[in-house]
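# Residue-level structural notes
Listed below, chain by chain, are the residues.
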Amino acid sequence: MRIGLERLRVRLVWVAVAPYILFARPSPLLLAVGGTLGVAGVLLRAWAASTLRKNAVLTTGGPYAYTRHPLYLGSFLMGLGVAAAGGRLAFLLLVLCYFAVVYGPTMRAEARRLERRFGEDYREYARRVPLFFPRLDSGRVRQAQPLRARLQRYLSHREYNAVLGLLLVFLTLIAKLVID
(Lines give C-alpha, C1' and ligand atoms only; values in the text may rest on other atoms or scores of the structure.)
Protein backbone atom coordinates (compact mmCIF):
# COMPACT_ATOMS: atom_id res chain seq x y z
CA MET A 1 0.00 0.00 0.00
CA ARG A 2 2.84 2.41 0.81
CA ILE A 3 4.29 2.13 -2.70
CA GLY A 4 0.87 2.98 -4.12
CA LEU A 5 0.59 6.08 -1.94
CA GLU A 6 4.10 7.17 -2.89
CA ARG A 7 3.30 6.88 -6.58
CA LEU A 8 0.02 8.72 -6.06
CA ARG A 9 1.84 11.61 -4.36
CA VAL A 10 4.16 11.95 -7.35
CA ARG A 11 1.41 11.57 -9.94
CA LEU A 12 -0.74 14.22 -8.27
CA VAL A 13 2.13 16.65 -8.66
CA TRP A 14 2.61 15.84 -12.35
CA VAL A 15 -1.15 16.23 -13.03
CA ALA A 16 -0.82 19.81 -11.76
CA VAL A 17 2.09 20.68 -14.06
CA ALA A 18 0.08 21.55 -17.19
CA PRO A 19 -2.30 23.99 -15.46
CA TYR A 20 0.63 25.38 -13.50
CA ILE A 21 2.59 26.15 -16.68
CA LEU A 22 -0.51 27.59 -18.33
CA PHE A 23 -1.26 30.03 -15.48
CA ALA A 24 2.30 30.76 -14.34
CA ARG A 25 3.57 34.33 -14.55
CA PRO A 26 7.31 33.98 -13.98
CA SER A 27 9.70 36.91 -13.74
CA PRO A 28 13.49 36.91 -13.45
CA LEU A 29 13.25 37.76 -9.73
CA LEU A 30 10.66 35.07 -9.02
CA LEU A 31 12.72 32.51 -10.96
CA ALA A 32 15.77 33.42 -8.86
CA VAL A 33 13.88 33.17 -5.56
CA GLY A 34 12.08 29.99 -6.59
CA GLY A 35 15.26 28.50 -8.02
CA THR A 36 17.12 29.15 -4.78
CA LEU A 37 14.40 27.42 -2.75
CA GLY A 38 14.19 24.57 -5.27
CA VAL A 39 17.94 23.97 -5.29
CA ALA A 40 17.99 24.03 -1.47
CA GLY A 41 15.27 21.39 -1.53
CA VAL A 42 17.08 19.21 -4.05
CA LEU A 43 20.32 19.44 -2.06
CA LEU A 44 18.54 18.54 1.17
CA ARG A 45 16.88 15.56 -0.52
CA ALA A 46 20.25 14.46 -1.94
CA TRP A 47 21.89 14.67 1.50
CA ALA A 48 19.02 12.78 3.11
CA ALA A 49 18.87 10.08 0.44
CA SER A 50 22.62 9.53 0.58
CA THR A 51 22.41 9.13 4.38
CA LEU A 52 19.31 6.94 4.59
CA ARG A 53 19.68 3.18 4.98
CA LYS A 54 15.99 2.46 4.55
CA ASN A 55 14.59 -0.40 6.65
CA ALA A 56 18.14 -1.45 7.64
CA VAL A 57 18.83 0.90 10.55
CA LEU A 58 17.18 3.86 12.21
CA THR A 59 18.92 6.76 10.50
CA THR A 60 19.59 9.56 12.99
CA GLY A 61 22.67 11.27 11.54
CA GLY A 62 23.16 13.79 8.78
CA PRO A 63 19.98 15.77 8.12
CA TYR A 64 18.03 13.25 10.23
CA ALA A 65 19.66 14.85 13.29
CA TYR A 66 17.63 18.01 12.56
CA THR A 67 14.30 16.66 11.30
CA ARG A 68 12.79 13.19 11.11
CA HIS A 69 11.68 13.87 7.54
CA PRO A 70 14.39 15.70 5.60
CA LEU A 71 13.25 14.14 2.32
CA TYR A 72 9.77 15.58 2.78
CA LEU A 73 11.19 18.91 3.93
CA GLY A 74 13.31 18.97 0.77
CA SER A 75 10.20 18.29 -1.31
CA PHE A 76 8.41 21.07 0.56
CA LEU A 77 11.22 23.52 -0.28
CA MET A 78 11.08 22.41 -3.90
CA GLY A 79 7.30 22.95 -3.91
CA LEU A 80 7.69 26.40 -2.39
CA GLY A 81 10.32 27.20 -5.00
CA VAL A 82 8.12 26.13 -7.89
CA ALA A 83 5.18 28.04 -6.39
CA ALA A 84 7.27 31.19 -5.98
CA ALA A 85 8.65 30.95 -9.50
CA GLY A 86 5.12 30.64 -10.88
CA GLY A 87 4.21 34.08 -9.57
CA ARG A 88 0.72 33.30 -8.27
CA LEU A 89 -0.40 33.28 -4.65
CA ALA A 90 -2.78 30.45 -5.51
CA PHE A 91 0.23 28.22 -6.27
CA LEU A 92 1.64 28.82 -2.81
CA LEU A 93 -1.72 28.06 -1.20
CA LEU A 94 -2.05 24.85 -3.23
CA VAL A 95 1.43 23.70 -2.19
CA LEU A 96 0.65 24.38 1.47
CA CYS A 97 -2.68 22.52 1.25
CA TYR A 98 -1.12 19.62 -0.66
CA PHE A 99 1.57 19.15 1.97
CA ALA A 100 -0.87 19.40 4.86
CA VAL A 101 -3.34 16.94 3.33
CA VAL A 102 -0.91 14.46 1.76
CA TYR A 103 2.29 14.60 3.78
CA GLY A 104 0.79 15.16 7.25
CA PRO A 105 -0.91 11.75 7.32
CA THR A 106 2.07 10.17 5.52
CA MET A 107 4.49 11.34 8.21
CA ARG A 108 2.24 10.13 11.02
CA ALA A 109 1.86 6.70 9.37
CA GLU A 110 5.60 6.49 8.86
CA ALA A 111 6.19 7.38 12.52
CA ARG A 112 3.93 4.49 13.58
CA ARG A 113 5.75 2.11 11.24
CA LEU A 114 9.18 3.17 12.52
CA GLU A 115 8.05 2.91 16.13
CA ARG A 116 6.87 -0.65 15.52
CA ARG A 117 10.15 -1.53 13.81
CA PHE A 118 12.64 0.23 16.10
CA GLY A 119 10.69 0.55 19.38
CA GLU A 120 12.33 2.56 22.15
CA ASP A 121 15.18 3.71 19.88
CA TYR A 122 12.64 5.46 17.66
CA ARG A 123 10.68 6.89 20.60
CA GLU A 124 13.88 8.42 22.02
CA TYR A 125 14.82 9.79 18.61
CA ALA A 126 11.31 11.25 18.19
CA ARG A 127 11.62 12.99 21.57
CA ARG A 128 14.86 14.67 20.49
CA VAL A 129 14.16 15.48 16.83
CA PRO A 130 11.12 17.35 15.48
CA LEU A 131 8.79 15.70 12.99
CA PHE A 132 9.13 18.20 10.12
CA PHE A 133 10.40 21.70 10.81
CA PRO A 134 14.05 21.37 11.83
CA ARG A 135 15.57 22.33 15.13
CA LEU A 136 19.03 23.65 14.43
CA ASP A 137 20.47 22.92 17.89
CA SER A 138 20.44 19.15 17.52
CA GLY A 139 24.07 18.73 18.50
CA ARG A 140 26.41 16.34 16.81
CA VAL A 141 25.76 15.24 13.21
CA ARG A 142 27.19 11.80 12.49
CA GLN A 143 27.94 11.03 8.86
CA ALA A 144 31.24 9.20 8.57
CA GLN A 145 30.17 7.14 5.57
CA PRO A 146 32.40 6.85 2.50
CA LEU A 147 31.43 9.01 -0.48
CA ARG A 148 30.98 5.94 -2.67
CA ALA A 149 28.38 4.45 -0.28
CA ARG A 150 26.52 7.77 -0.11
CA LEU A 151 26.52 8.09 -3.91
CA GLN A 152 25.24 4.51 -4.28
CA ARG A 153 22.38 5.24 -1.86
CA TYR A 154 21.55 8.48 -3.67
CA LEU A 155 21.35 6.62 -6.98
CA SER A 156 19.47 3.64 -5.55
CA HIS A 157 16.80 6.01 -4.20
CA ARG A 158 16.61 7.59 -7.71
CA GLU A 159 16.93 11.11 -6.33
CA TYR A 160 18.14 12.30 -9.73
CA ASN A 161 14.43 12.25 -10.71
CA ALA A 162 13.81 15.18 -8.34
CA VAL A 163 16.64 17.11 -9.99
CA LEU A 164 15.35 16.33 -13.47
CA GLY A 165 11.76 17.25 -12.58
CA LEU A 166 12.78 20.56 -11.03
CA LEU A 167 15.04 21.34 -13.99
CA LEU A 168 12.25 20.56 -16.46
CA VAL A 169 9.79 22.87 -14.69
CA PHE A 170 12.28 25.73 -14.48
CA LEU A 171 13.42 25.38 -18.09
CA THR A 172 9.76 25.48 -19.15
CA LEU A 173 9.19 28.62 -17.04
CA ILE A 174 12.26 30.26 -18.55
CA ALA A 175 11.00 29.41 -22.05
CA LYS A 176 7.60 30.85 -21.16
CA LEU A 177 9.24 34.03 -19.88
CA VAL A 178 11.27 34.40 -23.06
CA ILE A 179 8.31 33.68 -25.37
CA ASP A 180 5.87 36.00 -23.57
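Quick look at the structure, then. (Residues numbered from 1 in each chain as written. Predicted model: local features only at pLDDT ≥ 70, side-chain atom pairs only at ≥ 80, totals over all residues. Heavy atoms only, no water.)

The next subject is the overall build of the chain. If you tally the helices and strands in the chain, you get eight helices and zero strands. Reading the secondary structure of the chain in the N-to-C direction produces α-α-α-α-α-α-α-α. The contacts of the chain with a sequence gap of at least 6 include a subset with a gap of at least 24, amounting to 80%. Surface summary for the chain: the accessible area is close to 10,700 Å², and the carbon and sulfur share equals 68%. (Helix = DSSP H or I, 4+ residues; strand = E, 2+ residues; numbered from the N terminus. Contact = heavy atoms within 4.5 Å. Areas by Shrake-Rupley, 256 points an atom, 1.4 Å probe, with all protein chains shown as cover.)

Once that is clear, we can look at the pattern of salt bridges. Scanning the entire structure with this criterion turns up five salt bridges. Here the salt bridges share partners, and the residues they tie into one network are Glu 115, Glu 120, Arg 123, Glu 124, Arg 127 and Arg 128. (Salt bridge = Lys/Arg side-chain N within 4 Å of Asp/Glu carboxyl O.)

Scanning the entire structure with this criterion turns up ten aromatic pairs. Judged by centre distance (4.7 Å) and plane angle (50 degrees), the rings of Tyr 20 and Phe 91 are tilted. Here Tyr 20 is found in helix H2 (residues 17-23), whereas its partner Phe 91 is found in helix H5 (residues 89-118), with 71 residues between them in sequence. The class of Tyr 20 is buried, set by a relative accessible area of 10%. The class for Phe 91 is buried, based on a relative accessible area of 12%. On the basis of an interplanar angle of 85 degrees and a centroid distance of 5.7 Å, the ring pair of Tyr 98 and Phe 99 is categorised as edge-to-face. Site record: aromatic cluster; members linked through ring pairs are Tyr 72, Phe 76, Tyr 98, Phe 99, Tyr 103, Phe 132 and Phe 133. (Phe/Tyr/Trp six-rings, centres within 6.5 Å; stacked < 30°, edge-to-face > 60°. Buried < 20%, exposed > 50% of the residue type's maximum accessible area, 1.4 Å probe, protein only.)

The subject of this paragraph is the side chain of Ser 50. Checked against the element boundaries, Ser 50 lands in helix H3 (residues 28-51). Within the structure, the side chain of Ser 50 is placed 3.0 Å from the backbone oxygen of Trp 47, a separation counted as a polar contact. (Polar contact = N/O pair within 3.5 Å; in protein donor to acceptor, adjacent residues only side chain to side chain.)

Glancing now at the environment of Leu 12. Residue position: Leu 12 is located in helix H1 (residues 2-15). A relative accessible area of 40% means that Leu 12 is categorised as partly exposed. C-alpha of Leu 12 to C-alpha of Tyr 98: the two residues are 86 residues apart in sequence and 9.3 Å apart in space.

A word on the packing of helix H4 (residues 70-86) against H5. When two helices pack together, their arrangement is given by the angle between the helix axes and by the axis-to-axis distance. As a packed pair, H4 and H5 sit with axes 9 Å apart at the nearest point and diverge in direction by 170 degrees. Our classification of the angle between H4 and H5 gives roughly antiparallel. Here Tyr 72, Ser 75, Phe 76, Gly 79, Leu 80, Ala 83 and Gly 86 of H4 come into contact with H5, specifically with Phe 91, Leu 92, Val 95, Leu 96, Phe 99, Tyr 103, Thr 106, Met 107 and Glu 110. Across the contact of H4 with H5, the residue classes break down as eleven nonpolar, four polar and one charged. (Axes fitted to C-alpha atoms, helices over the stretch in contact; angles between N-to-C directions. Parallel < 35°, antiparallel > 145°, perpendicular 65-115°, else oblique. Nonpolar A, V, L, I, M, F, W, Y, C, P; charged D, E, K, R; others polar.)

Attention shifts here to H4. In this model, H4 (17 residues) spans 24 Å end to end at C-alpha, consistent with the 24 Å of a helix rising 1.5 Å per residue. The element H4 is extensively covered by neighbouring structure, given that 16 of its 17 residues are classed as buried. Of the residues one or two after H4, Gly 87 is the one with positive phi, at around 75 degrees. (Expected span 1.5 Å × (residues − 1).)

We now examine the nonpolar core. Most often, soluble globular proteins keep nonpolar side chains buried together rather than apart. Counting 28 residues, the largest nonpolar core has Tyr 20, Tyr 103 and Leu 173 as its most contacted members. For this core, the secondary structure elements donating two or more residues are H2, H3, H4, H5 and helix H8 (160-179). Among the elements that take part in this core, H4 stands out by supplying nine residues, more than any other. Within the second largest apolar cluster, twelve residues are counted, among which are Ala 48, Ala 49, Leu 52 and Tyr 125. (Core = buried A, V, L, I, M, F, W, Y, C linked by side-chain atoms within 4.5 Å.)

Let us now look at the packing of H3 against H4. At their nearest, the axes of H3 and H4 sit 7 Å apart, and the two run at 165 degrees to each other. As far as their axial angle goes, H4 and H3 are roughly antiparallel. For the pair H3 and H4, the sense of crossing is left-handed. Its residues assigned to classes, the contact of H3 with H4 comprises 18 nonpolar, six polar and one charged. (Left-handed = near helix turned anticlockwise from the far one by under 90°.)

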